[in-house]
Every structure is written in C-alpha cells, then in structure tokens.
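Here's the letter readout for the chains.
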Amino acid sequence: MNDTTQQQVFDIIAKQAKIDVSTIKPESTLKDLGIESLEAIEVIFDIEEHFNINFPDQQGANFDSDTAQSLVDAVQKALDDKVAAGEGSD
Amino acid sequence: MSNVSMRRVVITGMGAISPFGAGAETLWQGLREGHSGIRPLRHPDAGRLKVKVAAQVPASFDPAAHIDERTLPLLDRTSEFALHAAREAISQSGLDFGDGVLGLRTAVIVGTGVGGETTQDEQSKRLYADNATRVHPLSIVRLMTNASASQISIAYGLRGPTFAVASACASANHAIIQAGQMIRYGLADIAIAGGTEACITYGAMRAWEAMRVLADETCRPFSANRRGLVLGEGAGIFVLELLEHAQARGATILAELAGSGMTADATDIVSPSADGAAAAMRQAMVDAGLTPEDIDYVNAHGTGTLANDSTETRAIRLAFGAHADRLAVSSTKSMHGHALGASGALELVAVIGALRDSVVPPTANLDQPDPACDLDYVPNVGREMPVRAALSNSFAFGGLNAVLALKHAP
C-alpha cells in the first residue's frame, strides 16, 4: 500500500515538474525538482484531490522545502486518519 | 517635467469605512492607539471555512442610514463603502459641486481588486446551488468594476475623467497616483480617488484558503511567527486638489501628494521582487524631489506573509541605503487587515495622520524578531516623532508596485 501511495504521489509530482518519475528520489525537495511557489501549492492541491484528503495548513512554512517522502508520509497519515475516523470507504 | 511639477497636488478631504467603523478619524485613532480591527469571522458559512478571523466592517454599518433608498438597490457592498467614504471626504473638503461647473474639472478614479464580489457570489449561488432560473436584474450594474467610480460621479455630478483601476492589492495606490497625474497634467483640478473592497464571500474565502496564505489567528507583519495575511474590507476615498485651487478657496490642506512611483517586477505572478519594489520607492522619492534622508516614515505593504515581509525589508534597504536604519517602518495591516484594492487608501489615512499628528502608528502583534526583517518596525506601540515626509507602499500579486510620497501641507 505504501509503495502504491508513494508511486501515486511521485506521479503527481512528476506531472507537475514535467520530469521522468524515475528521477524523483524520496529525499528530493519540491524545489530540487524545480517546483516552487505556486506550483508547489498546485502539487498539494492535486494530491488532496487525488486522495480526497485535506492537508493541514503549514503555517509559516513553504511547501517548496518539503521532500517527496514527507509528502508521501503526510498522505499516508491523512489516509490513516480517515480510516480511523470511519470515513475510509468513501 | 518642470512645468508639470509646477502643478502641485494636495489632499483636502479624506473619508473611510473600515473595520474600525465609519470615519477616517475613527480609523486613524484606532491605528495610532494600536487597536486591532481583526475579529472572529462573521459569515453565515463560517463553520465550513478553515479561516477563522477577518477584519470586517462592523455589522453596525447600515448603508440605508446614509444612502437614499432609490440608489441603494443599485449598489454592491463595494459601492456602499465607496459612496459613504466619498461623502465624508467631500464634506470635509468643503467643496460644493452644486454649480455644475466645478464638476466638469473633477475626475473620479477608484481602485478595486475584484469589484462586486458580493453580488457575483450571491447570484452564482442562486444559479448553481439554488437552481434558480433568474438572477437579479441589477446584477450587472452592481458588480461591474467601475460601479463605485460611476456612483460617486452620479451622486455629485462629477463629469471629468472617471474610471476604475484594478491592480489587485495595489489598486488604491494606482488609482490615487492616476488621479494625481490627472491634476498635474491639467486634465482636472480636483479628483475624488481611493479604493474600495468587499470580498469576504464564501467563494473568495475558499479561494484564498486554497492558496494557503491566510493567517489562522492574527496578522503579524515582520514577526518571526507570522503566519500570513488576514483579509479585510472597507474603503478610503480622498479629495485631491490642485494646490492653487485649494489655496484660493482657503481650504484646509491635509497633506501634499508630492510624488509617486510605479513599477512591475516582471518576474513571478506571486513571488515579490525586492528590485521592483525598491525601484518604485526610488522613483517616488525622485518624483517628489525628496532624498532618502528626507523620509521619516514608510507605511509598509507588510502583509504578514513569509515572502512579502522579508522581501520588502530588502527592498527598503536597497532604496534607502544607510538611512534605512533611521526610518520608522510600520505595517498597519496588522490592525486593519488586508483590504486588497482598498488597502493603500486605508493606509493613506494612517500616513496623513502620522504627518499631521507627528505620531507613527505601530506594527501590532510583532513579538518575535526575525533576522530577515531587521528594520525599526515600531512594534506594538505608536511613537511620537516628527514626520516630515513619508512613503506608502503597495505591492500586488502580479508583481505590480505603486508607491506614494507624501509631505506636510505646504
């Protein structure tokens, strides 16, 4: 399941960055991949739409400095929280 | 330029509707005392929104108390604000447009970021959510971006150049600059100018949320713990007048609009550039015949976002050099919120107050110094000090910069 989540998140990032998905490493930040500012917000939006989850606001932080793996972890946590809240089947 | 600069522009009236209520003086007194207009969000759909705070015009604002019942149905909330503020400004100026002659030489230029957003949101909801088959027949005249300028023109018979200016968060400053240029270049002797915004709708709030630039608790410009901007609303409208015209009729002059600077970053649609902002500040000083050492106060754009505040700090350093460390800089958005296209107008009330009363309004909620923001931001408490001249910065999404230079009344 983790691999699947990772693959899906990496695919979304690759699409936005217009790069080959194989070039994304877990430790790559969005900025490393050439995704900055508004594009980073778009990646977050695409991930939220794709998984039907809501990321909490990162007040005062930039998504640009998030690593690919941290986004995968955040998705997994949001999905787990949804299951725990009994919303897993929607 | 020399014969153009012979025509000097002064401000002889100001009016405002703001989170502090009606009146420019009410706004100024609130700001100089460091009071906050930021409150829990008041909206029927507040429960469905993540954003919890806003700087809204108080619920006690009753347009029907000030505007006649035949005009009211024509107005979006933006125009209610603008008309109200215009009436205050014109009344203070002592101008009488009743003779029909002066109106020909009077321009009306009003900035707004989004125009009739309340009307747009309400009518869209009717169509798409309520499945109504009809929208209100006055929707177009309410929501058009020029409605506020046109309503002021009609209310007072002002027949000079009249239009709206839209440049997001710099709209008011661009409008005031444009109005000043009209007078300088002889196209008008008087201009009614400023900005208005009323954009705290469900749709607009969701869009701002999606951009993730809204603060969750309050606006903390230049503070290390700043978490974004707080949306506001309101209007500020001014009477600009040719100096000789004002002197000839013995008008009370509030301040001189001594110069202005306008630039575009031409880089990113949202990320600001220090170079673009600095160029606008330099231009404003040169245009006003002022040197950096002549300026005592800068009313900052100071939105409270991570990107703006550090970039604006760098820009001020670029524009002012060593004098940057002797400037008082404050962001009054910490108190009146970010009223987008009206911001520059609310902030001009603060600058006029500072020049007149020799008090610089503070930056509220600044409690954690940020190494990237290393100027004197007059934290939390206003400061009594002489203010000979001041700049007022507005920088917009889209990379648009508009800076006003103000001086004491001559």
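Reference entry: report on the structure contained in this document. Quick caveat: nothing in here was measured; it's all calculated off a predicted structure. (Residues numbered from 1 in each chain as written. Chains lettered and ligands numbered in written order. Predicted model: local features only at pLDDT ≥ 70, side-chain atom pairs only at ≥ 80, totals over all residues.)

## Considerations on the overall build of chain B
Counted only if it meets this: Going along the chain from the N terminus, every DSSP run of H or I of four or more residues is numbered as a helix, and every run of E of two or more is numbered as a strand. Every radius of gyration here is taken over C-alpha atoms, with the globule rule written as 2.2 Å times N^0.38, N being the number of residues. Working definition of burial: number of other C-beta atoms within 10 Å of the residue's own, with buried at 20 or more, exposed at 12 or fewer, and partly exposed in between, all C-beta atoms being placed from the backbone.
When you go through chain B residue by residue, the secondary structure sums to 13 helices and 15 strands. Taking 22 Å as the expected radius of gyration for a compact globule of 410 residues, we find that chain B reaches 20 Å, a close match to that expectation. Along the three orthogonal principal directions, the C-alpha set of chain B runs to about 65 × 55 × 40 Å. Scored against the burial criterion, the 410 residues of chain B give a buried share of 58%.

## Description of the interface of chain A and chain B
Threshold: Residues are defined as contacting one another if the C-beta atoms placed from their backbone atoms lie within 7 Å. Only Asp, Glu, Lys and Arg are considered charged in this grouping, and only Ala, Val, Leu, Ile, Met, Phe, Trp, Tyr, Cys and Pro are considered nonpolar; every other residue, Gly among them, is considered polar.
Each partner contributes residues to the interface: chain A has eight residues there, and chain B has 13 residues. Looking at the side of chain A that touches chain B residue by residue, the class counts come to three nonpolar, four polar and one charged.

## Some details on helix H2 (residues 38–51) of chain A
Residues and elements named next belong to chain A. We count it as follows: Given the number of residues in a helix, its expected span is that number minus one, multiplied by 1.5 Å. Note: the arc covers the axis-to-C-beta directions of the helix.
If you check H2, its first and last C-alpha atoms are 20 Å apart, about what 14 residues at 1.5 Å a residue would give, namely 20 Å. Among the residues of H2, those classed as buried are Ala40, Val43, Ile44 and Ile47. Take H2 and look down its axis: the buried residues cluster within an arc of 95 degrees, on one side only. At the C-terminal side of H2, Asn52 shows a positive phi close to 55 degrees.

## Here we look at the packing of helix H7 (residues 171–184) of chain B against helix H13 (residues 343–357) of chain B
A pair of packed helices can be characterised by two numbers: the angle between their axes and the separation between those axes. All names here are of chain B. Rule in force here: Axis definition: a line fitted to C-alpha atoms, limited for helices to the stretch in contact. Angles are taken between N-to-C directions and run from 0 to 180 degrees. Should an angle fall under 35 degrees it is taken as roughly parallel, and over 145 as roughly antiparallel, whereas 65 to 115 is taken as roughly perpendicular and any remaining angle as oblique.
Here H7 crosses H13 at 70 degrees, and the two axes come no closer than 5 Å. One finds that H7 runs roughly perpendicular with respect to H13. Taking contact as the criterion, the partners of Ala172, Asn173 and Ile176 in H7 are, on H13, Ser343, Gly344, Ala345 and Leu348. Across the contact of H7 with H13, the residue classes tally to four nonpolar, three polar and no charged.

## Description of the environment of Leu79(A)
Residues and elements named next belong to chain A. With respect to the secondary-structure elements, Leu79 resides in helix H3 (residues 68–84). When the C-alpha positions of Leu79 and Phe51 are compared, they lie 7.9 Å apart, and in sequence the two are 28 residues distant. When near neighbours in sequence (up to four residues on either side) are disregarded, Leu79 contacts Phe51 and Ile53.

## Regarding the nonpolar core
As a rule of thumb, nonpolar side chains are buried together in soluble globular proteins. Our working rule: One nonpolar core equals one set of buried Ala, Val, Leu, Ile, Met, Phe, Trp, Tyr and Cys residues connected by C-beta atoms within 7 Å.
Formed by 130 residues in total, the largest nonpolar core has its most connected members in Ala191(B), Ile192(B), Leu240(B) and Ala390(B). A per-element tally of this core places H13(B) first, with nine residues. In contact with Ala191(B), other than residues within four places in its own chain, are Thr106(B), Ala107(B), Ile109(B), Ala179(B), Met182(B), Ile183(B) and Leu240(B). Membership of the second largest hydrophobic core comes to 17 residues, among which are Leu30(A), Ile47(A), Ala68(A) and Leu71(A).

## Side note on the packing of helix H10 (residues 274–288) of chain B against helix H11 (residues 306–320) of chain B
Residues and elements named next belong to chain B. Short version of the rule: Note on convention: near helix rotated counterclockwise from far helix by under a right angle means a left-handed crossing. Clockwise means right-handed.
Look at H10 against H11: their axes get within 8 Å of each other, and the N-to-C directions meet at 45 degrees. Classified by the interaxial angle, the pair formed by H10 and H11 is oblique. Seen from above, H10 lies across H11 with right-handed handedness. Along its contact with H10, which presents Ala274, Ala277, Ala278, Met281 and Arg282, the element H11 presents Thr311, Glu312, Arg314, Ala315, Leu318 and Ala319. Tallied by class, residues from the contact of H10 with H11 come to seven nonpolar, one polar and three charged.

Such coordinate-based values are descriptive only and should not be taken to indicate function.
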